Amino acid sequence: MSNGQIVPLSISGETWGKAVEASPGVWVIATRHLPAGSKYNPEINNRCLVFKLNDSSADGKPVLLVVNAVDGAAMAEVRRIEQETKLKAKYLIAPGAGHSLHLAEWHDAFPDIIVLAGPARIPRVAAGKKLTASSRFKIFDQGDPLPMFKGVLEAVNFDGIGGFKEIHTPYEGGRDSMFGMIWTMLSNMPPKDPHDELWLYHVASRTIFGGENLGWNLGKKELAAMNFMMRMMMKAEQVYIMTGPRPVLDKAKVAGHWAKILTWPAENVFSYHDTLGTGQVGGGQAALRAAVIKAKQIAA
């Protein structure tokens, strides 16, 4: 934030495979992604975010923070941002329980980067276990995930929700079939594996980047092209909460997280998988509150 003024953020220029500076010091890299690595799932966006922020743990010096270890092709764009800003990527955040598959690849490609992950799931799945011995793999504090960016990039690690159990994805050599994909989903219903999802609020642009319990903001055309199960879970052109894939396991925890998140005076609300160039722009806090009430996760 500069002198308390709101700095607009726009992703209207979001482009596949290219880092777009959506707001001063905020870049969005759109990448093509198949959920669970299955060719039977529709291709969706998987955003990597890069922030230039002052790090209070390093005497307030500016650093680069990367959020979401997407497909390795995005690494070249992160390196380009490093060159343009003359800064190194210091932190890599795994923003949610399912965003872990490429963590080791990024960890090795950026030998100075510190990998930050939530405590509930990533440390116990294969991707997290690969990094257990590394001094650069850190589990952030549940109550205060990013203290070094307080007042600039606020964070809530949203636990108390469930998700699918770990599977051996086709990315990791697992078999890929329509029957296997359907069986994985049906055998996980209702999803009860403890998950945690990191919600971020960029203060200067009043923008929320939600975890996987935030619904994907999809265009009507894109939603119509998805398979039946996806169409049942997703909605077009609105803010909503993922209640099926991320059910409530602990009502008190969930209500407490919303109490914090809904104090953020957000204008914009984005997920990592919104349709290219889309998301909730304007009226973000009100739209999110209405969605949480509709999902019956807080009282009206």
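It should be emphasised that the depicted structure is a prediction, and the values quoted were computed from it without experimental measurement.

Peer 1: Now, about the overall build of the protein chain: what can you tell me, with residues and values included?
Peer 2: The secondary structure content of the protein chain amounts to 8 helices and 14 strands. By residue count, 52% of the 300 residues in the protein chain fall in the buried class. A separation of at least 24 residues holds for 64% of the contacts in the protein chain among residues at least 6 apart in sequence. With an accessible surface of roughly 13500 Å², the protein chain has 56% of that area assigned to carbon and sulfur atoms.

Peer 1: Requested: an account of the sheet that holds strand β3 (residues 44–55), with residues and values cited.
Peer 2: As summarised here, the arrangement of the 7 strands in space is β1-β2-β3-β4-β5-β6-β7, forming an open sheet in which the pairing is mixed. In this open sheet, the two edge strands, each paired with only one partner strand, are β1 (19–23) and β7 (137–139). In this sheet, neighbouring strand axes are inclined to one another by 30° on average, regardless of whether the strands run parallel or antiparallel. As paired elements, strand β2 (residues 26–33) and β3 share 8 bridges and run antiparallel to each other.

Peer 1: Describe the nonpolar core, listing the residues and the values that go with them.
Peer 2: Judged by nonpolar contacts, the single largest core of 27 residues is most densely connected at Val 50, Val 66, Val 78, Leu 92, Leu 103 and Trp 106. Of all the secondary structure elements, the ones that give two or more residues to this core are β2, β3, β4 (61–67), α1 (75–85), β5 (89–93), α2 (103–109) and β6 (114–117). Those residues in contact with Val 78 that lie beyond four places of it in its chain are Ile 29, Val 50, Val 66, Ala 89, Trp 106 and Phe 110. By size, the runner-up hydrophobic cluster in this structure holds 25 residues, among which are Ile 11, Val 26, Met 148 and Tyr 272.

Peer 1: Before we move on, can you summarise the sheet that holds strand β14 (residues 280–281) with the specific residues and values?
Peer 2: Pairing is mixed in the open sheet, where 5 strands are placed in the order β8-β9-β10-β13-β14. The two strands at the open ends of the sheet, each matched to only one other strand, are β8 (153–163) and β14. Those strands touched by helix α7 (residues 251–261) are β8, β9 (193–202) and β10 (207–209), and its axis lies near 155° from that of β8.

Peer 1: Account for the environment of Trp 216, with residues named and values stated.
Peer 2: Locating Trp 216 in the fold gives a position in the loop between β10 and β11 (217–218). Residue Trp 216 is classed as buried on the basis of its relative accessible area, which comes to 8%. Here the alpha-carbon distance between Trp 216 and Glu 237, two residues 21 residues apart in the chain, equals 8.8 Å.

Peer 1: With reference to specific residues and values, describe the side chain of His 102.
Peer 2: With respect to the secondary-structure elements, His 102 resides in the loop between β5 and α2. Take His 102: its relative accessible area is 18%, and that puts it in the buried class. Discounting residues that sit within four places of it in the chain, His 102 has contacts with Ala 69, Val 70 and Asp 71.

How each quantity is defined
Residues numbered from 1 in each chain as written. Predicted model: local features only at pLDDT ≥ 70, side-chain atom pairs only at ≥ 80, totals over all residues. Heavy atoms only, no water. Helix = DSSP H or I, 4+ residues; strand = E, 2+ residues; numbered from the N terminus. Buried < 20%, exposed > 50% of the residue type's maximum accessible area, 1.4 Å probe, protein only. Contact = heavy atoms within 4.5 Å. Areas by Shrake-Rupley, 256 points an atom, 1.4 Å probe, with all protein chains shown as cover. Pairing = 2+ DSSP bridges. Axes fitted to C-alpha atoms, helices over the stretch in contact; angles between N-to-C directions. Core = buried A, V, L, I, M, F, W, Y, C linked by side-chain atoms within 4.5 Å.

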